[in-house]
Amino acid sequence: MIIRLFCAAGMSTSLLVSKMQEAAKEKGKDADIAAYPITELERMVDQIDVALLGPQVGFQLGKAKAICEPKGVPVDVIPMADYGMCNGMNVLKFAYKLAKNK
């Protein structure tokens, strides 16, 4: 599963990406997880399974849905508590749940 996190500059989510990668390894999930600036979403949408937005760019969810939904890519904002606590396991579960519901 290809999961991409999008935030303001692609920097602030790097710790969360590491925690998600650890969680995926622990769960035996084959997940390719990386973070990018929100400006890269449109360019990358064809190569991803799930798009997650950092809370700081949550106001762009409508625009992100307009890009992702026609391509069948689920997109949502990472819950603030999980983002703030860098809870990689919860965010990984959130991504898989989004993918399952698409």
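A brief structural summary. One numbering rule holds for all chains: residues counted from 1, following each sequence as written. Where local features are concerned, this predicted model is filtered to residues with pLDDT of at least 70; where side-chain atom pairs are given and counted, the filter is 80 or more; whole-chain, interface and lining totals use all residues. Just so you know, side-chain values use all the structure's heavy atoms and leave hydrogens and water out.

**Description of the packing of aromatic side chains**
Between the rings of Phe, Tyr and Trp (Trp by its six-membered ring), a pair exists once the centres lie within 6.5 Å; its type follows the angle of the planes, with under 30 degrees stacked, over 60 edge-to-face, and the other angles tilted. Counting across every chain of the model gives zero aromatic pairs. Should the NZ of a Lys or the CZ of an Arg lie within 6 Å of a ring centre and within 35 degrees of the ring normal, that charge is described as sitting over the ring. In this arrangement the basic side chain of K29 is found over the ring face of Y96, its NZ or CZ atom lying 4.6 Å from the centre.

**A few points about the nonpolar core**
With 20 residues, the main nonpolar core has I3, L5, L16, M20, I33 and L52 as its most contacted residues. Whether two residues are in contact is decided by their heavy atoms, any of which lying within 4.5 Å being enough. Other than its neighbours up to four places away in sequence, L16 contacts L5, I78, Y83, C86, N87, G88 and V91. What makes a nonpolar core is a set of buried Ala, Val, Leu, Ile, Met, Phe, Trp, Tyr and Cys residues whose side-chain atoms join them at distances within 4.5 Å. Burial classes follow relative accessibility: with a 1.4 Å probe on protein chains only, a residue under 20% of its type's maximum area counts as buried, one over 50% as exposed, and anything between as partly exposed. Judged by nonpolar contacts, the second largest core, of 15 residues, contains M44, L61, A64 and C68.

**A word on the pattern of salt bridges**
Just to be clear on terms, a salt bridge is a Lys or Arg side-chain nitrogen sitting within 4 Å of an Asp or Glu carboxyl oxygen. This model, assessed by the stated rule, comprises three salt bridges. Close ionic contact of E40 with R43 constitutes a salt bridge, the shortest N to O distance being 2.5 Å. The partner of D46 in a salt bridge is K71, and the shortest N-O contact between them spans 3.1 Å. Here the residue D46 occupies a position in the loop between α2 (41–44) and β3 (50–53), and K71 occupies one in the loop between α3 (61–68) and β4 (75–77), the gap between them amounting to 25 residues. Assessed through its relative accessible area of 56%, D46 is described here as exposed. When its relative accessible area of 46% is taken as the criterion, K71 is described as partly exposed. Segments assigned H or I by DSSP are reported as helices when at least four residues long, segments assigned E as strands when at least two residues long, and all are numbered from the N terminus.

**Details of helix α1 (residues 14–27)**
An α-helix turns once every 3.6 residues. As a result, residues three or four positions apart point the same way. Take the number of residues in a helix, subtract one, and multiply by 1.5 Å to get its expected span. With 14 residues, α1 extends 20 Å between its outermost C-alpha atoms, agreeing within 8% with the 20 Å of an ideal straight helix rising 1.5 Å per residue. Residues L16, V17, M20, A23 and A24 constitute the buried set of α1. One side of α1 carries all its buried residues, which in axial view fall inside an arc of 125°. In α1, the exposed positions that point more than 90 degrees away from the buried face belong to E22, K25 and E26. Where α1 is buried, its residues contact β1 (2–7), β2 (32–37), β3, α4 (80–84) and α5 (88–101). Just downstream of α1, G28 is the residue with a positive phi angle, here 70°. By construction, the arc corresponds to the directions joining the helix axis to the C-beta atoms.

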